[in-house]
Amino acid sequence: MYETNYHRASSIDDAVAQFGRGAESKFLSGGQTLLPVMKQRLAAPSDVIDVAKIKDMVGIDVSGDTVTIKAATTHYDVAQSDAVQKAIPALANLASMIGDPAVRYRGTIGGSLANNDPAADYPAAVLALGATIKTNKRSITADDFFKGLFTTALEDGEIITQVAFPIPAKAGYAKFPNPASRFALTGVFVAKTKSGDVRVTATGASQSGVMRVGPIEQALKANWAASALDSVTIAASGLLADIHGSADYRANLVKVMGQRAVTAAG
Amino acid sequence: MLSAFYNIAPEHKLRVIAPDVGGGFGSKIYIYPEEMVALWASKKVNRPVKWTGDRSEAFLTDAHGRDHVSKAEIAFDKDNKILGLRVKTHANFGAYMSLFSSAVPTYLYATLLSGQYVIPAIYAEVIGVYTNTTPVDAYRGAGRPEASYLLERMMETAARQLKVDPTELRKKNFINQFPYQTPVIMAYDVGDFHASIDAAMKAIDYAGFPARKAKAKASGKLRGIGVSCYIEACGIAPSKAVGSLGAGVGLWESAEIRVNPVGTIEVLTGSHSHGQGHETTFCQIIAERLGVPISQVSIVHGDTDKVQFGMGTYGSRSIAVGGAAIVKAMEKVEAKAKKIAAHALEASESDIVIENGEFKVTGTDKAIALPMVALAAYTAHNLPDGMEPGLKETAFYDPTNFTFPAGAYICELEVDPGTGKTTFVDFVAADDFGRLINPMIVEGQVHGGLAQGIGQALLEGAVYDDTGQLVTASFMDYTMPRADDLPSFQLSHTTTLCPGNPLGVKGCGEAGAIGASAAVINAITDAIGNNKLEMPATPDRVWHAIHG
Amino acid sequence: MSTVKLTVNGRAVSVDVEDRTLLVHLLRENLNLTGTHVGCDTSQCGACVVHVDGRAVKSCTMLAGQAAGSNVTTIEGLAKGDELHPMQAAFRDNHGLQCGYCTPGMIMSAVDIVHRHGGKLDEETVRHELEGNICRCTGYHNIVKAVLDAAGRMKVAQAAE
Ligand SMILES: Cc1cc2nc3c(=O)[nH]c(=O)nc-3n(C[C@H](O)[C@H](O)[C@H](O)COP(=O)(O)OP(=O)(O)OC[C@H]3O[C@@H](n4cnc5c(N)ncnc54)[C@H](O)[C@@H]3O)c2cc1C
Ligand code: FES
Ligand code: FES
């Protein structure tokens, strides 16, 4: 790892101020992505600003039709939360499938979204549920947030403070893990909003990161049942291909995981 | 090696200390350039030099294993007896010659192509090729897994084509009489292949499989069963024979037993332990012979200033060769100790027996405890005339033949047709390792070996891209078996004692890795009804094999 | 350089380290607690797992500074004097280790697993929960056996307290 300066921020404002003082600062939340990348010398921030101990950045709140998860809340805490399990069980279930127990103890939702790994799990839920990402500056809808591989709408020094999920009528997530890394080789999140809209997303599959899956949305709008996908075909073009899965295999997984997600959603 | 072949420093000026080094499995046998560079740098700057390799570097530079492309044909007569086997193999050496690179696909591979079967004629042609990959060398099993995999895939394929039960076809062709001379050098000393396969079939309820398959089908899963009957050769020997084949060293092992003046015992062995439990098994051999508590015995290894010379741990040789050397040294120690005891007890040497840590005169209650014998040896106040003081002996053991562990593995699994993912239902192993000194340690070795064989079949593989970059350069892409990839194993043992060494042991370190892969691939191809499948059988590959 | 103050195995320590120092290096190199191992560079093998404020985390994926003010327990801090922790004893009795490289991390993760699941562990759960700990030697068979055995022992020990 290259040299760096470590700062622990006491508040969101403090974090933003400290960020501004460094030549090439990075926020550090759970560190489960940033530190491995720094260890491999693929990133070399001059300063890392630890946001994980800021009180206003941690916690889960359910009120009315919304589940709000603050950005530095760990995957473990989301998975364990009774409130999340009750309001959006698919979201708690998704969090329980991220990485391994040690990663879940430290990794956070804010870090995962800011990083926008094309094989990460949370982006699938955020996009399918039509969540809103709140930062120190503004609110960004999920549709506007994800901009392709490892790219988001966040500006330099902008900090995610919380994510607000509208509670859906039904939702389900099914993940086929990459056998080596255990990230999503393909994960599909299906959601039916309380107003009857259907949104379906896939992660791990596309060359441009998390994506909506139109053909499955159409089929489920007509008939919310796993069998409704039997006749759906997913095109392999534009999908990722690597040693763990060819594009046509991933296309198949989008459909099969979609069916399993619907079954899980009930 | 560093002295004789690399000219680093003369032996008396060189000390290598390698205590707990983590598991080895072959990859730590070789001398790597990094070690040379560290030594060179240390001489250059006249200071200690520390070098740490990280995991990604290890993936890039540690020797890889098992890279064969083979074409095989097998012929049967009308009674389904094998007539002959013809094999042509291209073996990848990688970019540079490593220590055993050329021996693995030749002496350790072609010589085992007879497997457990009577095969009157075997033709094997091996072409070693240099490529631009990391050197390929011995990895747990070294050549024998490749041979076993090829033959057991052939037997399964033949059974399917001949429409006979794969276990029946194997039984029909088993070698039943020992010693047995194969057409490919090996002379098998002893074995009972029927006993192993019968034990494995019973353990997995082979007869009940069709019903289980039908039940799985009803719930949308493809169930398969696969058999693998392996034989391997351990304790490569004798030195004269390997010398005639061009080896640069002898393949014996040394042991030194020091009985200290207080009666505690130190065993210096050239066979290094890095997880195989020599500290337990070797001590147990001695403790049992003398009838002393195991806590009185300790093992010294992994330091060239303490252990003068040894050939190391590889090829499942530690107990069969290293253990035998210990027995030889013990025999000398006991002979001398008996003389001392007889002298002290004023009895005839031939009347002395060793029991519960004492030297007793048979038929009397006269006895002297080991510590008193040891003390007598070192005080030398009252030794038989002409006897040297001290109680310490060395032995070198050079075996007369290989040992031949063998066994039968059966694997039952399910494939999810939607994703191509394989899930184990059951995995049984019935091995014949000769005498088991410590069954718990033996089983641990089998578990680990099976996991490596299964890993090879399902998950692991070094992949390079078109530009020669190693794609599997970290655990992000190299699929290490995890706990949830593997089943618990059902093990059992059948026993034919090895006549070739004083312990009757055969060796167990590599068996699992040798036999498991074929059982897994035979089971998957049985499940999906398509015999064309490469290792590792990733979900992607299996799914394509199902759906075309 | 910063001064990092934390509690390790019940002892308050204060160490001057570079900001880029990982917790695992503070433990191994500054405190000479070499029971915690490093087995990879991608945060995947689990050889480095220690408990930070009661949670089993990868000490190779945490800066020393992040652990400031925390309570850290390493494999060296698990036994009570000469008496092994029930998880350590179960690993020994079930031959749950061979070369021992993965063992400290395995044991620290396993203790955490039992804490979270109590005595209600089954084989499948143990295998799933050990996802972040890699072992090359044992095939996991005896590790899983040891964890299940220890879960029982820890329940008994807890009941006795
Ligand atoms: C072994 C292993 C397995 C994993 N498996 C999975 C998996 O299966 N699925 C999955 O989805 N993920 C997986 N991950 C990634 C894990 O979920 C990470 O925790 C997550 O992606 C990043 O969160 P973090 O809190 O650790 O962020 P950090 O590593 O601290 O930061 C990541 C990036 O986000 C930025 N950032 C952090 N917080 C904020 C914020 N509040 N506002 C703006 N920018 C911010 C940082 O500057 C950095 O660029 C795995 C990681 C490991 C090590
Ligand atoms: S050293 Fe491998 S996960 Fe920490
Ligand atoms: S015991 Fe060697 S890696 Fe687990």
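Scope of this entry: the structure provided in the associated data block. In this text the structure is predicted, and so the values were computed from the model without any measurement.

### A look at the interface of chain B and chain C
- Between chain B and chain C, the contact holds 31 residues from the first and 28 residues from the second.
- Surface buried jointly by chain B and chain C totals about 2,500 Å² across both partners, of which 55% is contributed by carbon and sulfur atoms.
- Put simply, E460 of chain B and R136 of chain C hold a salt bridge, and the shortest N to O gap is 2.8 Å.
- Among the secondary structure elements, those contributing two or more residues to the side of chain B that touches chain C are α2 (55–61) and α11 (439–458) of chain B.
- If one sorts the elements of the side of chain B that touches chain C by residue count, α11 of chain B sits on top with eight residues.
- Residue composition of the side of chain B that touches chain C, by class: 13 nonpolar, 12 polar and six charged.

### Quick look at the packing of aromatic side chains
Residues and elements named next belong to chain B.
- All told, the structure shown has 21 aromatic pairs over all chains when counted by the stated rule.
- Centre to centre, the rings of F59 and F475 are 5.4 Å apart; their planes meet at 85°, and the pair counts as edge-to-face. Taken as a pair, F59 in helix α2 and F475 in the loop between α11 and β16 (490–493) lie far apart in primary sequence, 416 residues in all.
- Look at F475 and you get buried, because its relative accessible area is 6%.
- Taking 6.3 Å as the distance between ring centres and 40° as the angle between the ring planes, the aromatic pair formed by Y180 and Y188 counts as tilted.

### Brief notes about the site of ligand 1
- Near ligand 1, the surroundings consist of 31 residues, among which F27, S29, L34, T108 and D121 of chain A are the closest.
- Nearby residues place ligand 1 at the junction of chains A and C.
- In this structure, H75 of chain A approaches ligand 1 through a side-chain N or O atom, which is 2.9 Å from an oxygen atom.
- The side chain of T108 of chain A places a nitrogen or oxygen atom 2.6 Å from an oxygen atom of ligand 1.
- In isolation ligand 1 offers 970 Å² of accessible surface; the protein chains occlude 95% of this area.

### As for the interface of chain C and chain A
- In this assembly, 26 residues from chain C lie in contact with 32 residues from chain A.
- A buried area of about 2,500 Å², summed over both sides, lies between chain C and chain A, and 51% of it is on carbon and sulfur atoms.
- In terms of surface lost to chain A, no three residues of chain C exceed R20, R55 and Q66 of chain C, which account for 26% of the buried area on that side.
- Summed over the shared surface of chain C and chain A, the result is three salt bridges.

### Comments concerning the sheet that holds strand β7 (residues 253–259) of chain B
All names here are of chain B.
- One open sheet accounts for four strands, arranged β9-β8-β7-β13; its pairing is mixed. Looking at strand neighbours, the two that pair on one side only are β9 (297–300) and β13 (392–397), the edges of this open sheet. Geometrically, the sheet is characterised by an average inter-axis angle of 20° between neighbouring strands, direction not taken into account.
- With five bridges connecting them, β7 and strand β8 (residues 265–269) associate as antiparallel partners. Looking at β8, one finds that I257 is bridged to V267.
- Packing against the sheet, helix α8 (residues 278–290) makes contact with β7, β8 and β9, and its axis sits at approximately 140° to β9.

### So, helix α3 (residues 103–117) of chain C
All names here are of chain C.
- Helix length check: α3, at 15 residues, gives a terminal C-alpha distance of 20 Å against a target of 21 Å (1.5 Å per residue), a fit within 8%.
- The buried fraction of α3 is high, at 12 of 15 residues.
- Note on α3: the residue one or two positions beyond its end, G118, has a positive phi of about 60°.

### So, the sheet that holds strand β4 (residues 55–58) of chain C
All names here are of chain C.
- Taking strand neighbours across the sheet as the criterion, the five strands line up as β2-β1-β5-β3-β4 in an open arrangement whose pairing is mixed. Two strands close off the open sheet at either side, each with one partner strand: β2 (11–17) and β4. For this sheet the average axis-to-axis angle between neighbouring strands, irrespective of direction, equals 40°.
- Packed on one face of the sheet, helix α1 (residues 23–30) meets β1 (2–8), β2, β3 (49–52) and β5 (71–73) and runs near 100° to β2.
- The sheet strands contacting α3 are β3, β4 and β5, and the helix crosses β3 at an angle near 40°.

Criteria and thresholds
Residues numbered from 1 in each chain as written. Chains lettered and ligands numbered in written order. Predicted model: local features only at pLDDT ≥ 70, side-chain atom pairs only at ≥ 80, totals over all residues. Heavy atoms only, no water. Contact = heavy atoms within 4.5 Å. Buried area = accessible area lost by both parts, 1.4 Å probe. Salt bridge = Lys/Arg side-chain N within 4 Å of Asp/Glu carboxyl O. Helix = DSSP H or I, 4+ residues; strand = E, 2+ residues; numbered from the N terminus. Nonpolar A, V, L, I, M, F, W, Y, C, P; charged D, E, K, R; others polar. Phe/Tyr/Trp six-rings, centres within 6.5 Å; stacked < 30°, edge-to-face > 60°. Buried < 20%, exposed > 50% of the residue type's maximum accessible area, 1.4 Å probe, protein only. Near = heavy atom within 4 Å. Polar contact = N/O pair within 3.5 Å; in protein donor to acceptor, adjacent residues only side chain to side chain. Areas by Shrake-Rupley, 256 points an atom, 1.4 Å probe, with all protein chains shown as cover. Pairing = 2+ DSSP bridges. Axes fitted to C-alpha atoms, helices over the stretch in contact; angles between N-to-C directions. Expected span 1.5 Å × (residues − 1).

Taken by themselves, the reported measurements are silent on function.
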